[in-house]
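As a plain string of letters, each chain reads:
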Amino acid sequence: MWGGRFAGGPAAVMREINASIPFDKRLWQQDIAGSRAHVAMLGAQGILSLDDAATIDAGLARIHDEFAANGVPVDMALEDIHMTVESRLAELIGPVAGRLHTARSRNDQVATDFRLWVRDAIDTVDAGLAAFQAVLLDRAEEHADTVMPGFTHLQVAQPVTLGHHLMAYVEMIARDRSRFADARVRMNRSPLGSAALAGTGFPVDRHATAAALGFDGPTANSLDSVSDRDFALDYLAAASSCALHLSRLAEEVIIWASQPYGFVSLSDAWSTGSSIMPQKRNPDAAELVRGHTGRIIGCFTALMITMKGLPLAYSKDMQDDKPPLFEAHDLLALSIAAMTGMMESISFRPDRMRAAAASGYSTATDLADWLVRERNVPFREAHHIVGSAVKAAEAHGCDLADLPLAVAQAIDTRLDAGALAALTVEASVASRTSHGGTAPVRVREAIAAARAALAGGGNAS
Ligand code: ARG
């Protein structure tokens with residue numbers, strides 16, 4: 001394609017290091033769509049004759065069908081997807097194929113193809129995350145009243161509801177979806193027509209190609225257009241945050257499934273056995289989601305480092321933008337599907353959760369709040385009184401609610417039978433009715449609002 005000034009061909013290793021076709025063949029649909037938009041514009045602007053434009057377009061349509069049926073042929077000598085398409089076009093329609101590359105360069109071509117690919121990737125991820133939110137909402141509704149321990153420092157802190165806990169992840173996923181949506185808006189500008197770096201002297205209509213490819217308009221600066229990979233970094237940043245959230249839920253599932261917790265059991269379809277220990281039932285998918293998160297963040301880091309020292313405009317380093325993006329996307333899509341399937345079929349064990357919620361004096365704050373509310377005790381003083389009550393309960397080996405009344409009264413006469421009766425985990429969660437609190441009534445409202453937003457095609461938050 002560019003051999004005019006060369007007497008010899010490239011060394012074998014040169015060919016190998018230079019070629020991107022083994023991975024950028026994944027851009028084939030975007031490459032053909034970009035070329036069809038370009039050639040239609042060349043015809044409409046009179047840069048090519050309408051006949052030539054029609055011949056080229058028909059050839060591109062045929063290549064689309066061939067690749068759809070048989071896959072993309074990988075010939076290292078053809079270097080990349082752009083050359084692969086163009087060389088097949090020449091085989092099909094002859095020398096007129098050589099007119100397609102008028103007023104463009106592979107630099108604006110690859111920038112356009114890759115943006116289109118990442119845009120589609122965002123749509124795929126968004127659909128997956130919406131489906132994941134729907135599953136979390138169903139499970140949260142089922143367990144709006146199920147009491148479990150809430151933790152800080154992984155120590156039992158205060159009782160919460162499982163519905164509330166699951167809704168926390170609905171919120172995280174909502175923010176992830178909005179990060180992807182922001183990235184999509186920002187990237188939706190067409191670099192096509194920026195040519196190699198300086199623009200072109202041909203009377204191209206960049207607004208027309210942008211519109212044909214579903215972009216909101218053309219990019220503003222040709223140098224920036226061919227050297228910008230922010231859109232890929234935006235995707236990878238959003239993917240990293242999203243994977244991190246999936247990983248935190250995966251980690252909780254792993255903990256909850258361990259025997260000392262026993263809060264959940266995974267269905268057969270979502271657990272694996274051990275080759276030596278017949279009793280084992282392992283949460284491998286959750287562990288792999290947690291593991292894949294490291295790889296996804298690694299892909300983000302890889303591309304940041306690739307880009308950080310590059311002068312304007314295009315450098316071949318930028319060809320290395322695609323493998324980390326593709327890898328991260330594949331891992332993320334798989335992780336979303338795995339977490340969705342796992343959460344859909346996981347069995348929660350309310351008995352175990354309730355027992356754990358009642359342990360560790362989890363309603364101590366409720367007793368302090370009771371003293372403040374019912375006996376007008378300043379909170380700091382109430383905190384001190386309840387601290388003594390916990391110490392006494394520990395010495396008696398009992399829960400706060402079962403503390404002998406005489407012992408409670410000896411600590412503070414304002415601790416009466418009514419106070420101790422208010423210490424159930426159910427009363428505790430029911431009392432937390434502040435906006436965003438864990439009370440079942442609030443959780444049901446949050447679920448209803450999220451459901452309505454999701455049903456309207458929006459984000460569940
Ligand atoms: N395969 C190349 C890439 O992915 C296409 C652009 C090549 N441009 C160039 N000036 N050599 O970056």
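Residues numbered from 1 in each chain as written. Predicted model: local features only at pLDDT ≥ 70, side-chain atom pairs only at ≥ 80, totals over all residues. Heavy atoms only, no water.

Engineer: Hey, could you run me through the packing of helix H4 (residues 50-70) against helix H5 (residues 81-93) in this one?
Structural biologist: A pair of packed helices is characterised by two quantities: the angle between their axes and the separation of those axes. Where H4 meets H5, the axes come as close as 9 Å, and the angle between the chain directions of the two elements is 115°. Between H4 and H5, the angle is such that the two are roughly perpendicular. Between H4 and H5 lies a crossing whose hand is right-handed. Between H4 and H5, the residues in contact are Thr 55, Ile 56, Gly 59, Leu 60, Arg 62, Ile 63, Glu 66 and Phe 67 and Thr 84, Val 85, Arg 88, Leu 89, Leu 92 and Ile 93, respectively. Residues belonging to the contact of H4 with H5 are distributed by class as follows: eight nonpolar, three polar and three charged. (Axes fitted to C-alpha atoms, helices over the stretch in contact; angles between N-to-C directions. Helix = DSSP H or I, 4+ residues; strand = E, 2+ residues; numbered from the N terminus. Parallel < 35°, antiparallel > 145°, perpendicular 65-115°, else oblique. Left-handed = near helix turned anticlockwise from the far one by under 90°. Contact = heavy atoms within 4.5 Å. Nonpolar A, V, L, I, M, F, W, Y, C, P; charged D, E, K, R; others polar.)

Engineer: Would you explain the site of the ligand in this entry?
Structural biologist: All residues adjacent to the ligand are Ser 20, Asp 24, Asp 80, His 82, Arg 106, Asn 107, Val 110, Tyr 314, Lys 316, Gln 319 and Lys 322. The side chain of Tyr 314 places a nitrogen or oxygen atom 2.4 Å from an oxygen atom of the ligand. Among the elements that take part in the shell around the ligand, helix H6 (residues 106-142) stands out by supplying three residues, more than any other. (Near = heavy atom within 4 Å. Polar contact = N/O pair within 3.5 Å; in protein donor to acceptor, adjacent residues only side chain to side chain.)

Engineer: Whenever I open this one, the nonpolar core confuses me. Can you help?
Structural biologist: Side chains that are nonpolar tend, in soluble globular proteins, to be buried together. Core analysis: the biggest nonpolar cluster contains 94 residues, and Phe 132, Phe 180, Tyr 235, Leu 325, Leu 332, Met 343 and Phe 348 have the highest contact counts within it. Counting residues per element, this core draws most heavily on helix H10 (residues 230-257), which supplies 15 residues. Apart from the residues within four sequence positions on either side, Leu 325 is in contact with Phe 114, Trp 117, Val 118, Ala 232, Tyr 235 and Leu 236. Formed by 22 residues, the second largest nonpolar core is a distinct cluster that contains Leu 367, Ala 389, Leu 400 and Ala 408. (Core = buried A, V, L, I, M, F, W, Y, C linked by side-chain atoms within 4.5 Å. Buried < 20%, exposed > 50% of the residue type's maximum accessible area, 1.4 Å probe, protein only.)

Engineer: What is the right way to read the pattern of salt bridges from this model?
Structural biologist: For side chains bearing opposite charge, pairing can occur when the charged atoms are close. Counted under the stated rule, the structure contains 29 salt bridges. With a shortest N-O distance of 3.0 Å, Arg 295 and Glu 327 are connected by a salt bridge. Highlighted residues: Arg 295 in helix H11 (residues 284-307) and Glu 327 in helix H12 (residues 322-345), separated in sequence by 32 residues. With a closest N to O distance of 3.0 Å, Asp 366 and Arg 432 form a salt bridge. Linking Asp 366 in helix H14 (residues 364-375) with Arg 432 in the loop between helix H18 (425-431) and helix H19 (440-455), this pair joins segments that are 66 residues apart in sequence. Arg 432 matches Asp 366 in its accessibility class, with the two residues each being buried. (Salt bridge = Lys/Arg side-chain N within 4 Å of Asp/Glu carboxyl O.)

Engineer: I would appreciate a short explanation of the side chain of Asp 108 in the present structure.
Structural biologist: Considering the arrangement of structural elements, one finds Asp 108 in helix H6. The side chain of Asp 108 is buried and forms no salt bridge, while Arg 104, the nearest opposite charge, is found at 6.0 Å. Those residues in contact with Asp 108 that sit more than four places away from it in its chain are Pro 191, Leu 192, Gly 193, Ser 194, Ala 195 and Val 226. (Lys, Arg positive; Asp, Glu negative; His and termini not counted.)

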